[in-house]
Amino acid sequence: MIEINGLNAGYKRLHVLYDISLRFEKNKINVVVGPNGSGKSTLLKSIFGLTTIYSGSIKFNGVKLNGLMPHQIARRGIAYLPQVDNVFSNLTVAENMLMAGYTLRREEVEERIEEVSETFPVIKRYWKSKAGFLSGGERQMVAMAMALLRKPKVMMFDEPTGSLAPKIANEVLEKIVELRDTLGIMIILVEQNAKKALEIGDKAYLLVGGRLVFHGDSRELLEHPELGKLYLGISG
Amino acid sequence: MIPPMIRDATIFSCLLALLSTGLTLTYMTTKVPNFAHGSFAAMTTYITLILVKILKVNPYFSVGLGFILGGVIALILYQVILKPLLDRGASYIVLMIATIGYDMILYSLINILADYLNRTYKISTRLYILKSYDFRVFHQPCIFIVAPVMAVLVIVSLYFLLTRTRFGIAMRAAIENPALAGVVGINVNLTYAASWFIAGGLAGVAGALLPLWLMCNPDIGGRLIVSVFAASIVGGLTNIYGAFLGGILIGMAEVLGTGYLSLTVGTWIAPYRPIIPLVIMAVTLLFAPTGLTGIGLRFLRRSGKR
Ligand SMILES: Nc1ncnc2c1ncn2[C@@H]1O[C@H](COP(=O)(O)OP(=O)(O)OP(=O)(O)O)[C@@H](O)[C@H]1O
Ligand SMILES: [Mg+2]
């Protein structure tokens, strides 16, 4: 379980998140939604120690995460698929995968690469190419595979379907449901397509202007008479 | 017979290539031009002096010691000065000035060391050269063989480190995208510290070999730094192989250029030698700001290969 208490965070002097207190639950898909610029990505980055935290605390199973370096947080079993710059463009796909498994033993990395390649055949197809030369969608799939490589305890996805074709986007969301059901890991999902995400999600968190304006069951937000229409473009 | 000017040029360009490769490596990690880089080498010239004149042993022992001392001096600059400043969000200018400050400290320490050695052991520690302590191999000074071998060895090892080892690939990953590197579990600070250690180590090796061919003085770092920056800039500042080529190019241009001008214009021109790297640097910045590697890419693109 990830527990955030009174979090104020941002970038240097730019305050973005105000007094966020919430709980992300285990074995659940926790969906974070909100308008553009509302601080969704900043929330995920804060969990990973990539922002400036002014006050508040972030705990994972009771252990404080804020104050740790990103690589230490990674080693506690948290994986993260960033929204942008989520592959190393100057490295080949093979090197990207090797780096994704940096905390694992070499043999384990090779095994895991074989496994994720089954779901994401792009990896083998472009094995020796620089990741920077891939198309947006192909890159997104490599990034997704990188995040999954480590078999994390917590998986944070920042708009994983961002640049994917609708068919693939649906497959990715199905994959996320499957992750919850088979591995029982905690998933934190930020999605632009709020309706779809809330449909597969268990818990929902609505951020507006850096403040948490709703949290509860995702069904509740989906059926909420105003919030959905006001902020998420969900009608009726 | 090998003309002396070619020998001079070869030795100087190989040592310069060691220096510029390291400078570029640190520039790529921390994005700060390190003005103390020349003094890393100046410091280790004294290791060779001590080995030869005081301990009276083989001067080439200084290569290993120079690597370690150079590495440690660079690591201190990164870990004790630059890293804390970076963590506080210091600007590029602040970092740059910090390296100039560190250079002043090193320069003072070198002068103190020079005076101490001079008074205690009664040896000359300023404007000294150890050419006569070098060995001869195939009727050539040993340094004429060692400098090119060392340069090639270094660039080949760096290539293998950066492309064939997990830690080396992690160094490239951390240089490109430190946030993502942290996310996959790479200790970014460790990879940067390693880059600084290697860079300082290479400068230390260059410094250790310098006195076997060139006149050394505590201020040699300041005199070298212009050529080193020129070499790195010609190399494009973001590519260690470019920096290596830049070092060879600037070294050759400096020695051969000065030699040629001395013959044609007159020997009075020799002291103006630093103008050559400065001019090349200015021309590069004006007409090909991305350096040799940029030109290479553009050329490849035009010829449709890419
Ligand atoms: N690296 C950064 N440095 C400075 N400011 C940033 C940075 N990243 C984001 N911001 C600012 O923080 C605010 C929140 O951005 P954030 O990326 O968290 O929004 P978001 O909810 O993820 O939006 P989107 O749906 O467009 O991805 C924005 O106003 C943005 O300009
Ligand atoms: Mg975002």
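Student: Report on the overall build of chain B, specifying residues and quantitative values.
Tutor: Looking only at helices and strands, chain B has 12 helices and two strands in total. Taking 306 residues into account, the globule formula puts the C-alpha radius of gyration at 19 Å, and chain B, at 19 Å, falls close to it. Taken over 306 residues, chain B has a buried fraction of 50%. A sequence separation of at least 24 residues applies to 76% of the contacts in chain B between residues at least 6 apart.

Student: Quick one: what's the story with the overall build of chain A, residue by residue and with numbers?
Tutor: When its secondary structure is counted, chain A shows 10 helices and 10 strands. At 17 Å, chain A has a C-alpha radius of gyration in line with the 18 Å of a compact globule built from 236 residues. Taking the principal axes of its C-alpha atoms as reference, chain A extends roughly 50 × 40 × 35 Å. For chain A, with 236 residues in total, the buried portion stands at 47%.

Student: Help me get a handle on helix H2 (residues 37–54) of chain B, residues and values and all.
Tutor: Residues and elements named next belong to chain B. A rise of 1.5 Å per residue sets the reference length of H2, with its 18 residues, at 26 Å; its end C-alpha atoms lie 26 Å apart and thus fit the reference within 8%. The buried fraction of H2 amounts to 15 of the 18 residues, a majority that puts the element mostly inside the structure. Positioned one or two residues after H2, Lys-56 has a phi angle of 55°, which is positive.

Student: Can you tell me about unusual backbone geometry, naming the residues and giving the values?
Tutor: A positive phi angle is found at Asn61(A), which is not glycine, with a value near 50°. The topology assignment puts Asn61(A) in the loop between strand E4 (52–60) and strand E5 (63–64). Judged by the 13 C-beta atoms lying within 10 Å of it, Asn61(A) falls in the partly exposed class. Notably, Lys31(B) is not glycine yet its phi reads approximately 55°, a positive angle. Turning to its location among the elements, Lys31(B) is positioned in the loop between helix H1 (4–30) and H2. You can call Lys31(B) partly exposed: it has 13 C-beta atoms within 10 Å.

Student: Quick rundown of the nonpolar core? Include the residues and the values.
Tutor: In this structure, Met99(A), Val142(A) and Leu15(B) are the most contacted members of the largest nonpolar core, which totals 172 residues. If sequence neighbours within four positions are ignored, Leu15(B) has contacts with Ala147(B), Ala206(B), Leu209(B) and Leu210(B).

Student: A description of the site of ligand 1 should follow, citing residues and the corresponding values.
Tutor: Residues and elements named next belong to chain A. In the vicinity of ligand 1, the residues found are Tyr-11, Leu-14, Val-16, Gly-34, Asn-36, Gly-37, Ser-38, Gly-39, Lys-40, Ser-41, Thr-42 and Gln-83. Elements with a minimum of two residues in the shell around ligand 1: strand E2 (14–24) and helix H1 (40–47). In terms of residue count, the dominant contributor to the shell around ligand 1 is H1 (three residues). Considered class by class, the residues forming the shell around ligand 1 number three nonpolar, eight polar and one charged.

Student: Give me the lowdown on the sheet that holds E2(A), citing residues and values where you can.
Tutor: Either a parallel or an antiparallel arrangement is found when strands of a sheet pair, and the pairing is made through backbone hydrogen bonds. All names here are of chain A. Here we have four strands laid out as an open sheet, ordered E2-E1-E4-E5, and antiparallel in their pairing. Lying at the two open borders of the sheet, with one neighbouring strand each, are E2 and E5. For strand E1 (residues 2–11) and E4, the ladder comprises seven bridges, and the chain directions are antiparallel. Residue pairing across strands places Glu-3 opposite Lys-59, the latter belonging to E4.

Student: Pulling in residues and values, what's your account of the sheet that holds strand E9 (residues 203–208) of chain A?
Tutor: Residue and element names in this part refer to chain A. As summarised here, the arrangement of the six strands in space is E6-E7-E8-E3-E9-E10, forming an open sheet in which the pairing is mixed. If you trace the sheet from one side to the other, it starts and ends with strand E6 (78–81) and strand E10 (211–217), each paired once. If you compare each strand with its neighbour and ignore which way they point, the axes differ by 15° on average. Pairing between strand E3 (residues 29–33) and E9: four bridges, direction parallel. Looking at E9, one finds that Asn-30 is bridged to Lys-203. Where helix H7 (residues 166–183) meets the sheet, its contacts fall on E3, strand E7 (154–158) and strand E8 (186–190), and the angle it forms with E8 comes to roughly 160°.

Calculation criteria
- Residues numbered from 1 in each chain as written.
- Chains lettered and ligands numbered in written order.
- Predicted model: local features only at pLDDT ≥ 70, side-chain atom pairs only at ≥ 80, totals over all residues.
- Helix = DSSP H or I, 4+ residues; strand = E, 2+ residues; numbered from the N terminus.
- Rg over C-alpha atoms; globule rule 2.2 N^0.38 Å.
- Buried ≥ 20, exposed ≤ 12 C-beta atoms within 10 Å, placed from the backbone.
- Contact = placed C-beta atoms within 7 Å.
- Expected span 1.5 Å × (residues − 1).
- Core = buried A, V, L, I, M, F, W, Y, C linked by C-beta atoms within 7 Å.
- Near = placed C-beta within 6 Å.
- Nonpolar A, V, L, I, M, F, W, Y, C, P; charged D, E, K, R; others polar.
- Pairing = 2+ DSSP bridges.
- Axes fitted to C-alpha atoms, helices over the stretch in contact; angles between N-to-C directions.

This is a description of form; function is not addressed.
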